[in-house]
Structure formats: C-alpha cells, structure tokens
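Chains, contacts and geometry: an overview
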Amino acid sequence: MSSVQIRDVRKSFGNFEVLHGVSIPIEDGQFVVLVGPSGCGKSTLLRMLAGLENITSGTISIGDRVVNNVQPKERDIAMVFQNYALYPHMTVGENMGFSMKLRGESTEEINKRVKRAAEILALSPLLERYPRQLSGGQRQRVAMGRAIVRDPQVFLFDEPLSNLDAKLRVAMRTEIKELHQRLKTTTVYVTHDQIEAMTMADKIVVMHDGIVEQMGTPLELYDKPDNQFVAGFIGSPSMNFLKGHVRVNGVATFEGPNGVKLPLKNAPAASDGRPVVYGVRPEHFTIADDGADAEIVVVEPTGSETQVFAKLGGEQVVAVFRERHQFNPGDKVKLKPDPSVIHLFDEATGKRV
Amino acid sequence: MAVMAEPVAAQVKRSSLWTRAFESRHFLGAMFMVPAIAILILFLAYPLALGFWLGMTDTKIGGAGRYIGFQNFVSLSKDSVFWLSVFNTIFYTVAASAVKFAIGLYLALLLNERLPMKSMIRAIVLLPFVVPTVLSAIAFWWIYDSQFSIISWVLIKAGLITRYIDFLGDPWNARWSVVAANIWRGVPFVAITLLAGLQTISPSLYEAANLDGATNLQRFRHITLPMLSPIIAVVMTFSVLMTFTDFQLIYTITRGGPINSTHLMATLSFQRAITGGNLGEGAAISNAMIPFLVAAILLSFFGLQRSRWQQGGRD
C-alpha cells in the first residue's frame, strides 16, 4: 500500500493538450474515483499512472518514488481493464498466476497465492476453466483476482463494470467496495457513471475537459458542488437549473423565467439584480400552497419514488417525491424548493455563489 | 398477411406439377446446388478421375492407351530420376516454407508496430505477390544468368569474389537459387496473413502483460505465439501445399536442370507427359504427389482443430 501524488500533470497528443495540469493527492488506502464524461481525460490519467502513456509534464509519484520514467512492471501496480484483458489461451488459474510465473516464483508459491485469491473472489471452482467459458461477471472477478494475486501498492480500475448488465453491475459494485474494505489497498477507479462514483468512493475527483472540476467526499460534492458542472453531473436525476436574477427587497428571492419567484434563504451580499443560475435537486421540491405554479407534463412512478416532469415558468424541471401523489399530466401544482438546500451559481462563470 | 395468404394458396392448387415442384423446399434446394455441383464435377472430379485413370494406362499422345494396372508405379519406383524429383520436392518445400515462415513472421511483427510510412511499406511487401509468376521467374532467370548476373557483378565489383557464380549450372547452387526465388514470391502471402492475425490480438493483452512484468520476448512467447497459432497453422498449410505443387517458377528458371537437380514432381510429370508424350507415366507421377499432399492436409487438420481455449460454451 502506498499514497499516490499527481502533481500538475499535463498530457498532449501532438499539439493537442488533453490534460491541462491536474493535481490529485491520494492517501494511503484511499478509494479514489475519477469520474467525468467521455473525453475528459480520466482514462488517460489512469493510463499515465499505470505507465502505459508518457507524462508530458508534471510528476506522478507512488509512495515516495517519482515514477515518471519507471517501467509499468516496476511500478508495483495492478490494473483491471475495461475488457478485462484476460489471456484467452490460459486457464483462470494461469491467468491469475501469470505475473508470478514471469517473476520466476515457485509453482507452490504461485498455487498458494492463486488459491487464496480465488477463495476471496469465490473463483475456486473455476480455476481450470478458460475465459471463454466464463460469464461476464466471472471474467470480471478473474480480472480482479489477477490484480489481487500481485498484492500491489495500487489497484487501478478502468471502467471495469461498463461491460456488465445493470443488475450485475450493482452487485459487482458492492463486491469491489467490500474487497477494498478487506484489503485496504490504495485504489484509483475510473468511471463515467456518477452513481458508481458516489457509492464506492472515499474521494471523488470530477474531471471535465482535462481539468479537475472538484474533488471531495461523495456527500461534499453532492451538498456543496463548486460549480454548475459538478452540480449537474453528480446526482440522478440531475439538478434542475433555472436562469434568472436575485431580487433583494426585504426578503431575498430568485426571479426566474417568466417572472417565476422562488425562495432564497439569504441573498449573497450586494447581489440585487445579479444574474444567477438557480439550482435545485429534484428531491428538494415539495408541494406547498406558497409554491410556484407548475404544470405536470409526465409522471414516471418507479415504486419507491415518483419522478414528475413539470413546466415551471416555461422551463421543464424534474421533481422526485417519496410519497405517493396522485398526479396526471396537465395537472396544476404548486412546487416549492427547500431554500436551505438550493444552490446559486454565477451565470457567467458557473461558479458557486 | 392473412388476407394475402388465401389467394396465393388457391393459386398453388391450380398450378402445374412443374410450378409446384419449385414450391418444394427440397427440390428448390437441389436446383440451387446444380450449378455448383456441375462446376465441381466438370472441373474438379472429372480431371481428377481422368488423372487416376491415365496413371493406370500406357496412354501416349496421339493414341489411346490400355489399362496396365500399377505398372507405371512399378517402373517409377526403379527410376532414379523420379526419386531425385521426390527428394527435390521435399527439400524445396521444407527449405522454402521454413524460411518463408521466418521472414514472413518477422515482417508481420515489424509491420504491426507503429512505423512511418507504414501503408507504403505494406504495399511494397505485397509487390512480389502481385507480379505474375512467370514475369518474376524471368527476372530471377536473368539475375541468376551465368554471364550477366547482377549478383555476381556486384560481388565482383565489391571485391568479394573473383569469378562469376554459376547459379544455375551447379546442382546445389541451382536448388538454393530456385528456393530463394520461391521464398521471394511466397513471403508476402505469409507476412500479410500473419499481420492480419496479429491485428486481431487485443492491444490490452499486451498492456496487461506489460503490467504483469513481461519482457518483449516473454510477450512474444506467451501472448503473440499462442494467440497466432491458429493463423500460423492455416498459412503454413497453404504455403506448403502451394510450394509442393509449384511448377511455374522451376519450369521458367531451370526446366528441371541441371541434370534434373531441380526437377520437382510437378515439372517431371509435365516433362514426361507433355514434352515426352507419355501421358500415362506423367499422370502416375502426379498421382504419386497425392499421398504427400494428403499427409500435409491431415497434419494441418489435426493442428487446426480448435484448441480448448478457443471453444465457446459454458462447460
């Protein structure tokens, strides 16, 4: 186990810079998730950490050692690939023991370690099988087994669950988290799925267009997003955004599109008339008599909750209710956001106000 | 659909036997196979059967032969030129195929790397395959010429030798010379096919092996070679079959000379049958190739049987 320091790392492919100075401190034993939309540079960063891509500038260190010029095999890391990259011509056992075999360890030692890893992952009955004969979830576990056998300083996961079906993905999510709690190996995990990030991470790093937008614990990011991008990216369904202005005369309010008035807890200093984006999470709407007028467009019950799409001041918003309201499309309701948990962002910069 | 089906059904009842036959799956299936079967019989089965039959007769050009059983084979078994051609064919096939495989694999690995002007190099590699065989054979004939050989000329100018090499006049020189020509011609096929095979290997396997600590050599030995083995089996079977039955190169460059030292079974067969007029004997020589070819095919058939790791299925 080791800490990892990523300091002002840049990456260019030719003249095209994809990472514009990224710094991420990772503590020993931490589970860090890099999350962001496709093309944000998260996979590139992971591959640089693994040594599969060169570092254009900046430094990456594992433990106390700067690894910029260290060969992948000498970095003492293990990586789980998106397509698992299992060797098709080797059995599960051979796949898991391959790195030890290359290091010239004795067959007994290899068998012992492979057996132990197989037990952890419930792979023992499958050791003689070939990857082709396994299901997706089993292959995924073999890929993790291959990493565990190495007992590395750092585990790297590159979108490991994206080839699995939805149900299995949820199960594997728990399994990976459980595995981390058991082994406590520093882990860097790349995904585009914010739910994976929220459920698994000790620390989430939200990336966008080659920069770090924000990092912090899942709930920090959820409760206090630094900017509109993070606010919209974290949480499902996404946060609703309404453009408008702050009005301060006695009570602070937000004046949205078509004169919609929404409550503010307190106005930021000297902000009368300031153009802002008002952000409210779907679950922070309530039905209240003093709410704003809205017209229901679509109702989507999921059983545990109900998603309601409605027009508020001409803009479509989504609200989620745990309690079961009887709504029909076309119904007029009064929606009221909880002013203590709303978010304001500067309209021009997208920064939190 | 239901509305449509009724009038159609009624029509079928009224139609003639001929029309109804075409409504039958089996008859229609058989009809579709007729062209293929006709072509196979006409151009494959008939010549093959005729070859077998001719090998059992004493047919000469211009006259009908009579059945003589295995006499042709008995006389061939005492014919030292025939046995020399068998030796030559095996030598030619083994030497050329081995080198073609080595060079082909090397080129394929090279072309699979990131290279500047890769597509151009790839096109150049394919060139020998595109040139008509006879044309390249004539070029080699000229390269090996005893008086005008460019190789000898270069070596003399470089001061490495003092007299022109007699490429095609000495038995072993001639054998190696035609082997070299065959290699030149056969390498592109091997290289391009193996390259196609290499490109199906997922790069992430190499990355995984890299992280697992494999050196370049270990990656080749543990990833490339096993993953490529099915393609290698196919390519080398084809290569061996094509080399074993080669005719054009030899016939154009040496015509089997000097003193039969480059005669392959195919060229000897042609010489005895067409040039010499003994169709029966020539056919017998051709037939004698069949056991070798069948052996090569069987070898590859068992080699090609999908290994356990390639088979799908859950259990």
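The written sequence of each chain sets the order in which its residues are numbered from 1. Here chains are named by letter from A upward and ligands by number from 1 upward, in the order in which they appear as written. Since the coordinates come from a predicted model, pLDDT governs what is reported: local features require at least 70, and pairs of side-chain atoms require 80 or more to be given and counted, while whole-chain, interface and lining totals use all residues.

1. So, the overall build of chain B
Assigned secondary structure in chain B consists of 14 helices and 0 strands. Taken from N to C terminus, the helices and strands of chain B fall in the order α-α-α-α-α-α-α-α-α-α-α-α-α-α. Only C-alpha atoms enter the radius of gyration, while the globule expectation follows 2.2 Å times N to the 0.38, with N the number of residues. A compact globule built from 315 residues would reach a C-alpha radius of gyration of about 20 Å, whereas chain B, at 27 Å, exceeds it by more than 25%. Its C-alpha atoms put chain B at 95 × 75 × 35 Å along the principal axes. Three classes are used. A residue is buried when 20 or more other C-beta atoms lie within 10 Å of its own, exposed when 12 or fewer do, and partly exposed in between, with C-beta atoms placed from the backbone. Taken across its 315 residues, chain B has 29% of its residues classed as buried. Taking as baseline every contact in chain B between residues at least 6 positions apart, the subset at least 24 positions apart corresponds to 66%. Only runs of H or I of at least four residues qualify as helices and only runs of E of at least two qualify as strands under DSSP, and these elements are numbered from the N terminus. In this description, any two residues whose backbone-derived C-beta atoms lie within 7 Å of each other are considered to be in contact.

2. Focus on the environment of tryptophan 53 of chain B
Residues and elements named next belong to chain B. Along the chain, tryptophan 53 falls in helix α3 (residues 25-55). Exposure remark for tryptophan 53: the 14 C-beta atoms within 10 Å place this residue in the partly exposed category. As for tryptophan 53 and tyrosine 67, which are separated by 14 residues in sequence, their C-alpha atoms are 8.3 Å apart.

3. Overview of the sheet that holds strand β15 (residues 285-301) of chain A
Residues and elements named next belong to chain A. Strand pairing is assigned whenever DSSP identifies at least 2 bridges connecting the two strands. Read across the sheet, 4 strands follow the order β17-β16-β15-β18 without closing on themselves; strand pairing throughout is antiparallel. In this open sheet, the two strands that pair with only one neighbour each are β17 (315-321) and β18 (332-337). Each strand of the sheet is rotated relative to its neighbour by a mean of 55°, with strand direction disregarded. Here an axis means a line fitted to C-alpha atoms, over the contact stretch when the element is a helix, while the angle between two N-to-C directions is reported on a 0 to 180 degree scale.

4. Focus: the pairing of strand β8 (residues 186-191) of chain A
Residues and elements named next belong to chain A. Of all 6 residues making up β8, 6 are buried, and the element is well covered by its neighbours. As paired elements, strand β3 (residues 31-35) and β8 share 5 bridges and run parallel to each other. Within β8, the residue paired with valine 33 across the bridge is tyrosine 189. Here strand β7 (residues 154-158) runs beside β8; their pairing, made up of 5 bridges, is parallel. Bridge assignment links aspartate 158 to a residue of β8, and that residue is valine 190. Handedness of the crossover joining β7 and β8 through helix α5 (residues 166-183) is recorded here as right-handed. By convention a crossover is right-handed if, when the strands point away from the viewer, the path from the first strand over the helix to the second runs clockwise.

5. Quick word on the sheet that holds strand β13 (residues 261-263) of chain A
Residue and element names in this part refer to chain A. Read from one edge of the open sheet, 5 strands run β13-β12-β11-β14-β19, paired in antiparallel fashion. Looking at strand neighbours, the two that pair on one side only are β13 and β19 (343-346), the edges of this open sheet. Looking at each pair of strands side by side, their axes are set apart by 45° on average, direction ignored. Both strand β11 (residues 240-249) and strand β12 (residues 251-255) contribute to a ladder of 5 bridges, which runs antiparallel. Paired with valine 246 across the two strands is phenylalanine 254, which belongs to β12.

6. Quick look at the environment of glycine 169 of chain B
Residues and elements named next belong to chain B. By the element assignment, glycine 169 lies in the loop between α8 (150-157) and α9 (171-199). Given 13 C-beta atoms within a 10 Å radius, glycine 169 is considered partly exposed. Taking the C-alpha atoms as reference points, glycine 169 and proline 258, separated by 89 residues in sequence, lie 5.9 Å from one another. What glycine 169 contacts, discounting residues up to four positions off in sequence, is Ser146 and Pro258.

7. Side note on the packing of helix α4 (residues 136-150) of chain A against α5 of chain A
Helix-helix packing: each pair is described by the crossing angle between the helix axes and the interaxial distance. All names here are of chain A. Between α4 and α5, the least distance of the axes is 11 Å, while the angle of their chain directions is 20°. By the angle between their directions, the pair α4 and α5 is classed as roughly parallel. Of the two elements, α4 crosses α5, and the hand of that crossing is right-handed. Every residue of α5 that contacts α4 at Gly136, Gly137, Gln140 and Met144 is listed here: Leu168, Met172 and Leu179. In the scheme used here, Gly and all other residues not listed as nonpolar or charged are polar, with Ala, Val, Leu, Ile, Met, Phe, Trp, Tyr, Cys and Pro taken as nonpolar and Asp, Glu, Lys and Arg as charged. The residue makeup of the contact of α4 with α5, split by class, is 4 nonpolar, 3 polar and no charged. Comment on the angle field: the value is read as roughly parallel under 35 degrees, roughly antiparallel over 145, roughly perpendicular from 65 to 115, and oblique elsewhere. Left-handed describes a crossing whose near helix is turned anticlockwise from the far helix by less than a right angle; the clockwise case is right-handed.

8. With respect to the packing of helix α5 (residues 80-111) of chain B against helix α11 (residues 216-244) of chain B
All names here are of chain B. Two numbers describe how α5 lies on α11: the axes approach to 9 Å, and their chain directions differ by 145°. α11 is crossed by α5, and the crossing has right-handed handedness. Facing Thr89, Tyr92, Thr93, Ala96, Ser97, Lys100 and Phe101 of α5, the residues of α11 in contact are Met236, Ser239, Val240, Thr243 and Phe244. Residue composition of the contact of α5 with α11, by class: 6 nonpolar, 5 polar and 1 charged.

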